[in-house]
Structure formats: C-alpha cells, structure tokens
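Chain residues, written in single-letter form:
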Amino acid sequence: MSKQQEKFTFFYRSESPFSQWYPAVFVVGEHTFDSAEQYMMYGKAMLFGDQEIATRILTAKQPRQQKQLGRQVQRFDKAVWDEHARQIVYDGNYAKFTQNKELLEVLLATAGTTLVEASPTDRIWGIGLAEEDPRVRNRSTWRGTNWLGEVLTELREQLLTEPKV
C-alpha cells in the first residue's frame, strides 16, 4: 500500500477508547488496573525496581496522578525505558482490550487503518500535531513518532489473527 493510500484513525484525549487515560478496568496477575496509563506507570516503576512508587501508582485513582508518580521513579534510565516502554504499553493494552469486549470491538473496527495519536504536545507517543492540522494526513510531515498509535495498530493486527473464543 503506498503512503498516499494509507488511511488513518486519529485519536486524542481521554474520551477516546484508544487513549492511555481512558477508564477501563482489567486484571494482570494479582493487580487490577483502572487504565492503560496506570499499567504503564506501574510497569515503569517495576522496571526500575521502585516498589514504593509502584505501590503508590496502584492506589492513585486518576491517570494524571499516576503519570506524575511515574515521573518520580527512582533510578530511571531513558535508554532502558525506550527499550522496554512499547512492550509494556502493548501488554497493558492487550489486557485492556481483550478483557473489555466493547473496547475490543471498537479497536477491531479500525482494521485497514493506522491508529494515530494526534497529540499536538506529545512527540514520542503521539505525532506532535492536532487532528485539525493538515500535516496529519502525511507521515512525512509528522513531528512525532506515534509510538502509541503504532503499538495499538500492531495489537489490532495481532488480535485479528487470533482465533475467536
């Protein structure tokens, strides 16, 4: 498929089921999470062995608080985080979407498109542009890497190949 034909599904803000902040309860191991953001920040704390922050993230009820706590993780190493972050986000979203049937249906309905976080402020997980910006229609003019959109697109493609239960 040429890039001119590539179709996108844009999302931004916590109202979108594709947002890390979207409220969705899921269980991984012995812990219940209320959003993919909470899972991500918990995973970040555990990656760096910060049990105190990990515990505080589990009890924090708002994604904003969870993110703030994630920024306080001790012994943080950006290179290590960059190596593991996408897998942590993939794992959290796998649990989120497979344990919430209505969200899974919304994700699968995006088949044939690339998911894109149209965040004007996030150049790592998003594209650094708002959906209204004409540059969003062309990958070469994006100002960010779209890690979240790429993870979700990969997850959707994997879920489409899994046998239905």
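Refer to the structure printed above.
In what follows, the accompanying structure is described. The structure displayed is predicted, hence computed values, not measured ones.

**Overview of the overall build of the protein chain**
Thinking step 1. Within the protein chain, the secondary structure is distributed over six helices and four strands.
Thinking step 2. The C-alpha radius of gyration of the protein chain comes to 16 Å, within 12% of the 15 Å expected for a compact globule of 165 residues.
Thinking step 3. Projected onto the principal axes, the alpha-carbon positions of the protein chain cover approximately 50 × 40 × 25 Å.
Thinking step 4. When burial is assessed residue by residue, the protein chain has 47% of its 165 residues classed as buried.
Thinking step 5. For the protein chain, the proportion of contacts with a sequence separation of at least 24, taken over those separated by at least 6, is 60%.
Thinking step 6. Working note: accessible area of the protein chain is about 9,100 Å², and carbon and sulfur atoms make up 51% of it.
Thinking step 7. Across the protein chain, 21 positive and 22 negative side-chain charges occur, with their mean positions spaced 5 Å apart.

**Observations concerning helix H3 (residues 63-70)**
Thinking step 1. Among all positions in H3, only Pro63, Gln66, Leu69 and Gly70 are buried. Around the axis of H3, the buried residues are gathered within 120° of arc, so they sit on the same side.
Thinking step 2. Contacts made by the buried residues of H3 are with helix H1 (36-47) and helix H2 (51-59).

**Regarding the packing of H1 against H2**
Thinking step 1. At their nearest, the axes of H1 and H2 sit 8 Å apart, and the two run at 170° to each other. By the angle between their axes, H1 is roughly antiparallel relative to H2. Judged by the twist between their axes, the crossing of H1 over H2 is left-handed. On the side of H1, the interface is formed by Gln38, Met41, Tyr42, Ala45 and Met46, while H2 contributes Gln51, Ile53, Ala54, Ile57 and Leu58.

**What to know about the packing of H2 against H3**
Thinking step 1. Here H2 crosses H3 at 175°, and the two axes come no closer than 9 Å. Compared by their axis directions, H2 and H3 come out roughly antiparallel. Between H2 and H3, the residues in contact are Ile53, Arg56 and Ile57 and Gln66, Leu69 and Gly70, respectively.
Thinking step 2. Considered class by class, the residues forming the contact of H2 with H3 number three nonpolar, two polar and one charged.

The rules behind each value
Residues numbered from 1 in each chain as written. Predicted model: local features only at pLDDT ≥ 70, side-chain atom pairs only at ≥ 80, totals over all residues. Heavy atoms only, no water. Helix = DSSP H or I, 4+ residues; strand = E, 2+ residues; numbered from the N terminus. Rg over C-alpha atoms; globule rule 2.2 N^0.38 Å. Buried < 20%, exposed > 50% of the residue type's maximum accessible area, 1.4 Å probe, protein only. Contact = heavy atoms within 4.5 Å. Areas by Shrake-Rupley, 256 points an atom, 1.4 Å probe, with all protein chains shown as cover. Lys, Arg positive; Asp, Glu negative; His and termini not counted. Charge placed at Lys NZ, Arg CZ, Asp CG, Glu CD. Arc of directions from axis to C-beta. Axes fitted to C-alpha atoms, helices over the stretch in contact; angles between N-to-C directions. Parallel < 35°, antiparallel > 145°, perpendicular 65-115°, else oblique. Left-handed = near helix turned anticlockwise from the far one by under 90°. Nonpolar A, V, L, I, M, F, W, Y, C, P; charged D, E, K, R; others polar.

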